[in-house]
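Residue-level listing of the chains:
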Number of protein chains: 4
Amino acid sequence: MQPLTNEQVARYGVEPGWRYAFEREVRWSDLDGFSHVNHCAHFGWFEDARNGYLEALGFPLVDADVPGPVIKETSCSYERSLSFRSPFLVTARTKWFGTTSFQMEYAIWSDGLIARGFAIAVWLRSRDSQKFPLPDSLCAAMAADGAQPRQSLVPGGAAKT
Amino acid sequence: MQPLTNEQVARYGVEPGWRYAFEREVRWSDLDGFSHVNHCAHFGWFEDARNGYLEALGFPLVDADVPGPVIKETSCSYERSLSFRSPFLVTARTKWFGTTSFQMEYAIWSDGLIARGFAIAVWLRSRDSQKFPLPDSLCAAMAADGAQPRQSLVPGGAAKT
Amino acid sequence: MQPLTNEQVARYGVEPGWRYAFEREVRWSDLDGFSHVNHCAHFGWFEDARNGYLEALGFPLVDADVPGPVIKETSCSYERSLSFRSPFLVTARTKWFGTTSFQMEYAIWSDGLIARGFAIAVWLRSRDSQKFPLPDSLCAAMAADGAQPRQSLVPGGAAKT
Amino acid sequence: MQPLTNEQVARYGVEPGWRYAFEREVRWSDLDGFSHVNHCAHFGWFEDARNGYLEALGFPLVDADVPGPVIKETSCSYERSLSFRSPFLVTARTKWFGTTSFQMEYAIWSDGLIARGFAIAVWLRSRDSQKFPLPDSLCAAMAADGAQPRQSLVPGGAAKT
């Protein structure tokens, strides 16, 4: 895990509660025709964050024969735009984990919040699209990063996804 | 408007209720390292749908000095993956329109539903990030496509965005 | 092969000598921060042209276990820029074919020439990076499209690549 | 300028003669369907190198009203492929400068040479596509980085571009 430093918290205006983070700079190819970062670019940064975060927890993307995260749904809400060469920070964490799926939360920071995103991912073997249970050690690492088991979030507590 | 034809409805397995549509084919550059369409590609297709739809309603993207749609939030949920060269259909419609914002819904079809997306857009002049009221003729065109005025969707009916 | 029609020749201002062609329109995501098509977009169009052209000749991209084209070098020269929503035509043909490699030429047309590109591709099995001879039927199809055997282009005529 | 360090030279296997350099890592979005870096990604890295290099020489991209580099032609030749998460180094330098144009050379390094590219850029005001002479201070900075005035490269020495 590349843990967020106090210097990064101050520099990018990050809210408390994030550990995994990396720095980037807006590329020319991230811009749209009005010279703002295109809203699709954020999903690419979230993807890098998810891959880096899972690798930091011991589960790098390997190949299509090894189960890994496949996005079931994702969203982003945008607070402010970024311009060319702006430095920014990407943060990621797990919100909850179930039996075969988990939800991640992402944020982009530059002088405070730029955008916030979510994704629900299923643990899937890409080759044959078969679902697998999340490995125990992955769940333990997510819990250590602050994630909740999903059943604890659902009224009645019995739901499993 | 490029209206959905009966032939397209049958060919792509489209649910009723959509009018605006266009056909595409999966490009090599849409694929990720496991040979599936990357989940970010869908947001690019939705962007093309939004631009084409608004142009069809009489409001093409012009330049940074003319108000147009800026994405405030967007989401996508994925049902099935697409592979290289798969033909697919993109559909778009407006769900609601408020004073300065509106919500669009999108779907991707290929032998039935592939993915469904939403976006809330604000009517903004890009040059100075100033919000503008949605033009009456745009609201009328959205209503003619089945969209609801937003206040009619909110309990009490007085909310404006 | 999707052969170039007389209507396309007239509409896009195409020079004689091209057969394979398809039409496109500039996407919002093709633009850079100055509202011109980014010069990288052309290489994506050339890629689509190469894949479509080879499929038209009977050699679609299949998977990493089947030999196919891998780019060894490529170039593009730009005559004029394209703006948002501009319709354009992409053309492709083979210049020469050798033992395990061939050269393709591409062009983009919209009111005359927009850009011209070249690529030398090697016939490679992606899984293990092993080179294979170009299939005879592929060479025959390229020759039928006007391509020259490479040795006929080289002084002495003995060179093979 | 972010000058190449001895540590980088050793780590990435860089040939002598380069000064400007930056490090990157292969992103998931750089891969094609066969899990290799797509050959288009290199042009995006070269673009970042050109922008960063010119900024380092005192000429950052500003806006469409200020003359800057517009690509007239570009090429890349590929030695080896890169896979997911591979770290690599991008280097850039100027080969020659003329009256209104210059040629840059780029290379990608990871355990030796991965790819090499060139681009001829024209100094253009994007708003109205008007050419401008290269500023003297830019030429001086390019010369200090090892670039040749173009006329010195041409037989007779009188050519100007």
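Everything here concerns the structure above.
Report on the accompanying structure.

Across its full length, chain A carries three helices and seven strands. Starting at the N terminus and ending at the C terminus, chain A contains elements arranged as α-β-α-β-β-β-β-β-α-β. Taking 161 residues into account, the globule formula puts the C-alpha radius of gyration at 15 Å, and chain A, at 16 Å, falls close to it. Referenced to the eigenvectors of the C-alpha coordinate spread, the extents of chain A come out at roughly 45 × 35 × 30 Å. Taking all 161 residues of chain A together, 54% fall into the buried category. Taking the intrachain contacts of chain A between residues at least 6 apart in sequence as the baseline, contacts between residues at least 24 apart amount to 66%. Carbon and sulfur atoms make up 51% of the accessible area of chain A, which totals about 6,700 Å². Across chain A, the 16 positively charged side chains and the 18 negatively charged ones have centroids separated by 5 Å.

The next point concerns the relation of the copies chain B and chain D. Screw-axis analysis of chain B against chain D gives a translation of 0.0 Å along the axis, an RMSD of 0.0 Å, and a rotation angle of 180 degrees. In short, the pair behaves as if placed about a two-fold rotation axis. For chain B, the smallest separation between a C-alpha atom and the rotation axis is recorded for B:Gly33, amounting to 2.4 Å. Interface overlap between copies: 100% of the residues of chain B at the interface are likewise at the interface in chain D, consistent with a symmetric, same-surface contact.

A separate point is the interface of chain B and chain A. Of the residues lining the interface, 22 residues belong to chain B; the matching set on chain A comes to 22 residues. Both faces considered, chain B and chain A share a buried interface measuring about 1,900 Å² in area, 58% of it formed by carbon and sulfur atoms. Linking chain B to chain A there are two salt bridges. B:Lys72 serves as the salt-bridge partner of A:Glu79, at 4.0 Å between the closest nitrogen and oxygen. The set of elements that each furnish at least two residues to the side of chain B that touches chain A consists of helix H2 (41–56) and strand E2 (68–78) of chain B. The element that contributes the greatest number of residues to the side of chain B that touches chain A is E2(B), accounting for eight residues.

Let's shift gears to the side chain of C:Asp32. With respect to the element layout, C:Asp32 can be found in the loop between strand E1 (20–25) and helix H2 (41–56). Buried charged residue C:Asp32 carries no salt bridge. Nearest counter-charge: D:Arg50, at 8.4 Å. Setting aside residues no more than four positions away along its own chain, C:Asp32 makes contact with A:Trp28, A:Asp32, A:Gly33 and C:Asn38.

Turning our eyes to something else, we now look at helix H3 (residues 136–144) of chain B. Residues and elements named next belong to chain B. For H3, the full list of buried residues reads Leu-138, Cys-139, Ala-141 and Met-142. Axial view of H3: buried residues confined to an arc of 160 degrees, hence all on one face. Opposite the buried face of H3, at more than 90 degrees from it, the exposed residues are Asp-136 and Ala-144. Buried residues along H3 sit against H2, strand E3 (87–97), strand E4 (101–109) and strand E5 (113–125).

On to the nonpolar core. Counting residues in hydrophobic clusters, the biggest one holds 85 residues, and the most contacted among them are A:Phe102, A:Ile108, B:Phe102 and B:Ile108. Leaving out residues up to four positions away in the same chain, A:Phe102 has contacts with A:Leu54, A:Pro69, A:Thr94, A:Trp96, A:Phe97, A:Ala119, A:Ile120, A:Ala121, A:Trp123, A:Leu134 and A:Met142. Residues C:Tyr53, C:Phe97, C:Ala119 and D:Ile114 belong to the second largest nonpolar core, which totals 83 residues.

This part covers the interface of chain B and chain D. Listed by partner, the interface residues are seven residues for chain B and seven residues for chain D. Interface area, chain B with chain D, both sides summed: about 640 Å², of which 52% is carbon and sulfur. Looking at the side of chain B facing chain D, the largest losses of area belong to B:Trp28, B:Asp32 and B:Gly33, adding up to 65% of the total buried there. Between the two partners, chain B and chain D, sit zero salt bridges. Considering only residue class, the side of chain B that touches chain D consists of three nonpolar, three polar and one charged.

Sheet topology places strand E2 (residues 68–78) of chain C next to strand E2 (residues 68–78) of chain D; five bridges connect them, and they run antiparallel. Counterpart to C:Ser75 in the pairing with E2(D) is D:Ser75. Where E2(D) meets strand E5 (residues 113–125) of chain D, 10 bridges bridge the pair, whose relative direction is antiparallel. In the strand pairing of E5(D), D:Glu73 is matched with D:Ile120.

Residues and elements named next belong to chain B. Following the sequence through the fold, Arg-11 ends up in helix H1 (residues 6–12). Sequence separation between Arg-11 and Pro-87 is 76 residues, and the spatial gap between their C-alpha atoms is 10.0 Å. A polar contact of 3.2 Å, which involves the side chain of Arg-11, links it to the side chain of Glu-23.

Next up on the list: unusual backbone geometry. A positive phi is found at B:Asp111, a non-glycine position, where the angle reads about 60 degrees. Along the chain, B:Asp111 turns up in the loop between E4 and E5. Looking at B:Asp111, the relative accessible area reads 69%, which means it is exposed. Look at D:Ser35: it is not a glycine, yet its phi comes out positive at around 70 degrees. Structurally, D:Ser35 is set in the loop between strand E1 (20–25) and helix H2 (41–56).

Residues and elements named next belong to chain C. Taking burial as the measure, the nine residues of strand E4 (residues 101–109) include nine buried ones, the bulk of the element. Across the two faces of E4 the burial is the same, with Ser-101, Gln-103, Glu-105, Ala-107 and Trp-109 and Phe-102, Met-104, Tyr-106 and Ile-108 all buried. Across eight bridges, strand E3 (residues 87–97) lies against E4 in antiparallel orientation. Along E4, the bridge assignment pairs Ala-92 with Tyr-106.

A few words now on the environment of A:Gly44. Its place among the elements puts A:Gly44 in helix H2 (residues 41–56). A:Gly44 gets classed as buried once you look at its relative accessible area, which sits at 10%. Here the alpha-carbon distance between A:Gly44 and A:Asp30, two residues 14 residues apart in the chain, equals 9.9 Å. Those residues in contact with A:Gly44 that sit more than four places away from it in its chain are B:Cys40 and D:Arg27.

This paragraph deals with H2(D). Residues and elements named next belong to chain D. The terminal C-alpha atoms of H2, which comprises 16 residues, lie 23 Å apart, in line with the 22 Å expected from a rise of 1.5 Å per residue. The element H2 is largely enclosed, with a buried count of 14 among its 16 residues. Positive phi shows up at Gly-58, right after H2, with a value of about 100 degrees.

Here is what the cut-offs are and how they apply
- Starting from 1, residues in each chain are numbered consecutively following that chain's sequence as written.
- Chain letters start at A and ligand numbers start at 1, both assigned in the order the entries are written.
- Per-residue local features are limited, in this predicted model, to residues with pLDDT of at least 70; the limit for side-chain atom pairs, both in listing and counting, is 80 or more; totals at the level of whole chains, interfaces and linings are taken over all residues.
- By convention in this description, side-chain values take in all heavy atoms of the structure and omit both hydrogens and water.
- Comment: elements are numbered from the N terminus, with helices defined as DSSP H or I runs of at least four residues and strands as E runs of at least two.
- In this setup the radius of gyration rests on C-alpha atoms only. A globule is expected at 2.2 Å times the number of residues raised to 0.38.
- Here's how the labels work: a residue is buried when its accessible area is under 20% of the maximum for its type, exposed when over 50%, partly exposed in between, all with a 1.4 Å probe on protein chains only.
- Two residues qualify as a contact provided that any one of their heavy atoms is within 4.5 Å of a heavy atom in the partner residue.
- We get accessible surface area from the Shrake-Rupley algorithm with a probe of 1.4 Å; when it comes to residues, only the shown protein chains can shield them.
- Two residue types count as positive, namely Lys and Arg, and two as negative, namely Asp and Glu; His and chain ends fall outside the count.
- The atoms used to mark charge sites are NZ of Lys, CZ of Arg, CG of Asp and CD of Glu.
- Only residues with pLDDT of at least 70 in both copies contribute their C-alpha atoms to the least-squares superposition of the copies.
- Put simply, buried area is the surface a 1.4 Å probe can reach on two separate parts but cannot reach once they are joined, added for both.
- What counts as a salt bridge is simple: a side-chain nitrogen of Lys or Arg found within 4 Å of a carboxyl oxygen of Asp or Glu.
- Starting at the helix axis, one direction is taken to each C-beta atom, and the arc is that of these directions.
- We call a set of buried Ala, Val, Leu, Ile, Met, Phe, Trp, Tyr and Cys residues a nonpolar core when their side-chain atoms join them within 4.5 Å.
- Three categories are distinguished: nonpolar for Ala, Val, Leu, Ile, Met, Phe, Trp, Tyr, Cys and Pro, charged for Asp, Glu, Lys and Arg, and polar for the others, with Gly belonging to the last.
- Strand pairing requires that DSSP identify at least two bridges connecting the strands.
- The term polar contact refers here to a pair of N or O atoms within 3.5 Å; inside protein, the definition further demands a hydrogen-donor-capable atom paired with an acceptor-capable atom, and it admits residues adjacent in sequence only when both atoms are side-chain atoms.
- The length a helix should cover is 1.5 Å for every residue beyond the first.

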